[in-house]
Amino acid sequence: MIPTHVWHKVCITAGLVVTLASCSTLPVSPPQQASKVKNIILLIGDGMGPQQVGLLLSYARQAPHGVLTTHRTAFDRILNDGRLGLSMTHPDAALVVDSAASATQIATGKMAGSEMIGVDKDGNRQATLIDKAKQLGKATGLVSDTRITHATPAAFAAHEAHRSMEADIAEDLLSTHADLMFSGGLSHFLPEAAKDEKSALHQRIKAQVGTGFHISSARKDEKNLLTTATQQGYQLVFNKAQLQQATGKTLGLFADSLMADGITENKHRDDAQRTQPTLKEMTEQALTILAKRPEGFFLMVEGGQIDMAAHRNDTGRMLHEMLKFNDTLNAVLDWADSHPDTLIVVTADHETGGFGFSYSASNVPKPRPLAGDAFGKKQFKPDYNFGNPEVLDRLYAQQQSYEAIFKQFDALPVAERTPEKLVELVNKATEFKITVEQAKIVLTTEANPFYQAKHGTLGEKEVPKMPMNSAFYPYQKENRQNLLAQVVSAQQQVVWATGTHTSTPVLVFTHGKEAALIPFSKVLHHSELGRLLGEAF
Ligand code: MG
Ligand code: ZN
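All of these numbers come straight from a predicted model, not from anything done at the bench.

## So, the overall build of the chain
Thinking step 1. The number of helices and strands found in the chain is 21 helices and 20 strands.
Thinking step 2. In terms of its C-alpha atoms, the chain occupies a principal-axis envelope of roughly 80 × 60 × 50 Å.
Thinking step 3. Within the chain, the fraction of its 537 residues that count as buried is 54%.
Thinking step 4. Long-range contacts, defined here as pairs at least 24 residues apart, represent 70% of the contacts in the chain between residues at least 6 apart.
Thinking step 5. By element, 54% of the accessible surface of the chain is carried by carbon and sulfur atoms, the whole surface being about 22,700 Å².
Thinking step 6. In the chain, the 53 positive side-chain charges and the 57 negative ones have mean positions that sit 1 Å from each other.

## Regarding the coordination of the magnesium ion (ligand 1)
Thinking step 1. Looking at the magnesium ion (ligand 1), one finds its protein donor set to be D46 (OD), T152 (OG1) and E302 (OE), positioned 1.9 to 2.2 Å from the metal centre.
Thinking step 2. Mapping the donors of the magnesium ion (ligand 1) onto the primary sequence gives the spacing D-x105-T-x149-E. Of this pair, D46 sits in the loop between β3 (39-45) and α1 (50-62) while T152 sits in helix α5 (residues 151-155), placing them 106 residues apart in sequence. Exposure class is identical for D46 and T152. Each is buried.

## Section: the coordination of the zinc ion (ligand 2)
Thinking step 1. Coordination of the zinc ion (ligand 2) by the protein comes from D307 (OD), D307 (OD), H311 (NE2) and H501 (NE2), over a distance range of 2.1 to 2.4 Å.
Thinking step 2. Here the zinc ion (ligand 2) is ringed by four donor atoms whose angles at the metal span 56 to 154°, and the overall shape comes out irregular.
Thinking step 3. Donor residues binding the zinc ion (ligand 2) come from one chain and are separated in sequence as D-x3-H-x189-H. You can see D307 sitting in helix α12 (residues 305-311) and its partner H501 sitting in strand β18 (residues 501-502), a full 194 residues away along the chain. Across the pair, H501 and D307 agree in class, each one buried.

## Digging into the packing of aromatic side chains
Thinking step 1. Going through the model one piece at a time under the given rule, you end up with 12 aromatic pairs.
Thinking step 2. Judged by centre distance (5.7 Å) and plane angle (20°), the rings of Y59 and Y396 are stacked. Within this pair, whereas Y59 is found in helix α1, its partner Y396 is found in helix α14 (residues 390-396), the two being separated by 337 residues in sequence.
Thinking step 3. For Y59, a relative accessible area of 0% corresponds to the buried category.
Thinking step 4. Taking relative accessible area as the criterion, Y396 reaches 22% and is therefore assigned partly exposed.
Thinking step 5. With 6.3 Å between their ring centres and 65° between their planes, F182 and F254 make a pair best called edge-to-face. Of this pair, F182 sits in strand β6 (residues 180-184) while F254 is found in the loop between β8 (250-253) and α10 (262-268), placing the two residues 72 residues apart along the sequence.

## Focus: the pairing of strand β5 (residues 139-147)
Thinking step 1. When you tally the buried positions in β5, you get nine out of nine residues, the bulk of the element.
Thinking step 2. Pairing of β5 with strand β9 (residues 297-303) involves six bridges; the strand directions are parallel. Its bridge partner lying in β9, V143 is registered against V301.
Thinking step 3. Two elements, β5 and β6, share four bridges in a ladder whose sense is parallel. Bridge pairing in β6 places V143 opposite F182.

## Topic: helix α13 (residues 315-337)
Thinking step 1. Its 23 residues give α13 an end-to-end C-alpha distance of 33 Å, which sits within 8% of 33 Å, the value for a rise of 1.5 Å per residue.
Thinking step 2. Burial runs high along α13: 19 of the 23 residues are buried.

## Quick notes on helix α18 (residues 479-487)
Thinking step 1. The buried count for α18 comes to eight of nine residues, which makes it a mostly enclosed element.
Thinking step 2. As for α18, its buried residues are in contact with α12, α15 (402-410), α16 (419-429), α17 (436-443), β16 (462-464) and α19 (489-492).

## Let's talk about the environment of K206
Thinking step 1. Locating K206 in the fold gives a position in helix α7 (residues 200-209).
Thinking step 2. Exposure remark for K206: the relative accessible area of 41% places this residue in the partly exposed category.
Thinking step 3. Between the alpha carbons of K206 and A194 there is a distance of 9.4 Å; along the sequence they are 12 residues apart.

## Concerning a nonpolar patch on the surface
Thinking step 1. On the surface, L86, M88 and V523 cluster together into a nonpolar patch covering about 240 Å² of accessible area.
Thinking step 2. On the secondary structure map, L86 appears in strand β4 (residues 83-88).
Thinking step 3. Judged by relative accessible area, L86 falls into the partly exposed class, the value being 33%.

## A closer look at unusual backbone geometry
Thinking step 1. Even without a glycine there, the phi angle at N313 is positive, about 60°.
Thinking step 2. Here N313 shows up in the loop between α12 and α13.
Thinking step 3. Judged by its relative accessible area of 1%, N313 is buried.
Thinking step 4. For N363, which is not glycine, the phi dihedral falls at a positive 55°.
Thinking step 5. Looking at the secondary structure, you find N363 in the loop between β12 (356-357) and β13 (368-369).

## Remarks on the domain arrangement of the chain
Thinking step 1. Under the domain assignment used here, the chain contains domain 1 (10-23 + 31-355 + 501-535) and domain 2 (367-387 + 402-493).
Thinking step 2. Taken residue by residue, the interface counts six residues in domain 1 and nine residues in domain 2.
Thinking step 3. Between domain 1 and domain 2, a total of about 730 Å² is buried, with carbon and sulfur atoms accounting for 38% of that surface.
Thinking step 4. When the area that domain 1 buries against domain 2 is broken down by residue, the three leading residues are R312, N313 and D314, summing to 67%.
Thinking step 5. Joining domain 1 to domain 2, the criterion identifies two salt bridges.
Thinking step 6. Here E403 and R312 are joined by a salt bridge, their closest N and O atoms 3.3 Å apart.
Thinking step 7. On the surface where domain 1 and domain 2 come into contact, there are four residue pairs in polar contact (both at pLDDT 80 or more).

Rules of the game
- Residues numbered from 1 in each chain as written.
- Chains lettered and ligands numbered in written order.
- Predicted model: local features only at pLDDT ≥ 70, side-chain atom pairs only at ≥ 80, totals over all residues.
- Heavy atoms only, no water.
- Helix = DSSP H or I, 4+ residues; strand = E, 2+ residues; numbered from the N terminus.
- Buried < 20%, exposed > 50% of the residue type's maximum accessible area, 1.4 Å probe, protein only.
- Contact = heavy atoms within 4.5 Å.
- Areas by Shrake-Rupley, 256 points an atom, 1.4 Å probe, with all protein chains shown as cover.
- Lys, Arg positive; Asp, Glu negative; His and termini not counted.
- Charge placed at Lys NZ, Arg CZ, Asp CG, Glu CD.
- Donors = N, O, S within 2.8 Å, 3.2 Å for Na, K, Ca; no water.
- Tetrahedral: all angles 85-135°; square planar, octahedral: opposite > 155°, others 65-115°.
- Phe/Tyr/Trp six-rings, centres within 6.5 Å; stacked < 30°, edge-to-face > 60°.
- Pairing = 2+ DSSP bridges.
- Expected span 1.5 Å × (residues − 1).
- Patch = residues over 30% accessible without salt bridge, like charges linked within 9 Å, V, L, I, M, F, W, Y side chains within 5 Å.
- Salt bridge = Lys/Arg side-chain N within 4 Å of Asp/Glu carboxyl O.
- Domains from an automatic or database assignment.
- Buried area = accessible area lost by both parts, 1.4 Å probe.
- Polar contact = N/O pair within 3.5 Å; in protein donor to acceptor, adjacent residues only side chain to side chain.

So this is what it looks like as structure tokens:
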């Protein structure tokens, strides 16, 4: 059922959605003030706490053979003439936020409850920055490298009690009429019958969507939302070439579920055969299209897989996700160079994993002489191993995400899923070699101490055995990845505190006209950040 948004009506004219004061129930805002901006670009690094930004900065500054040859990042660049703030992310009545509540707080300017989408803490649907922008006649867009029904993009254009209601979220997204939606998540737009590969329906959709795609359905009904989208005036695009031809109102679905992870995207970036656009390419095309609107636009871009890498404690993948985000932010800053009437805000919804390089008792370096006169005959001999920066190059060299390694492992016949085989797969894909003894630790299981029947992630009877703090690793099917991270921890010079999120305040980078940046340059809460964004244009 398409929810009725009584608080927001839109007029549909010749297939294009035009929001007019005369047909909207939202209050008309006062005339534009001098400090108001024409365009807002909000970039959200999901899970990108100060620690994740720190990983990118360490890599840029210290990797002996780093790919960022200027040793500078897009974060350096945005602060050349930008400003910095800090924001608390907690939801109503809890210490730690999830992505749905956090993005909702930014999108609506209101406190939300855990796992809610586009509603306030009491469960009331709230207008979002997309609604506000549309009311001002501005164009709107959502871009994410996850799937468009995933929590972060969903919170800007859907209103549901829980983030898991992705089939309903897909319908909400279409009824909100953002001009552009570029992401993965096709399966939530296809009728359940499309699962049957022999059916004429499946074949018809396959012909429509094209090659390089797994066609399936994540719906429990027979609604074909691609048909709905076409009726609502959306042009449909499914690959990079079609994306680059897109001009007006466009729904781009480039994967059945999540788009490529950072390692995969980086590996295939220069392939002529690549059909899936990168996060940067989606963002550049969104800017090209949205910039045509004389009234300006609101665009939200999510680097959504930083969080996924961090949940798995997969540091090599996380570095690649941060490099993906860095490329995208650089493209946005390039664009803004010639569009000064633009406010860029870069933040995170929360930190994930409690990540950090850390000094250790393992591999303490040998003493060495120093020329300095303070040392005399003494040698330079730190008491601990403070970490060799070469580890940054070795993290970059990771060839597959931990997720992909275990996917490969699980695809083997049961008899072949041995510790020796895991050693082979891990040692081929990463520079941080493991032993058979360590593989055994990764593969050890126990009776689920947190078992809950039918729970989305706690419903397995037998789960990987976490040596400590197992309550903080609730994505139990994925916990072999976290265990792999733990056995290579000393080699990587890396520690992770958790498999979930932390309450660490996140950074708020702003760029644009100075007067527009000042309100963001303090300690904020994400609901206030959302209110300020709503007031900025
Ligand atoms: Mg997200
Ligand atoms: Zn998360």
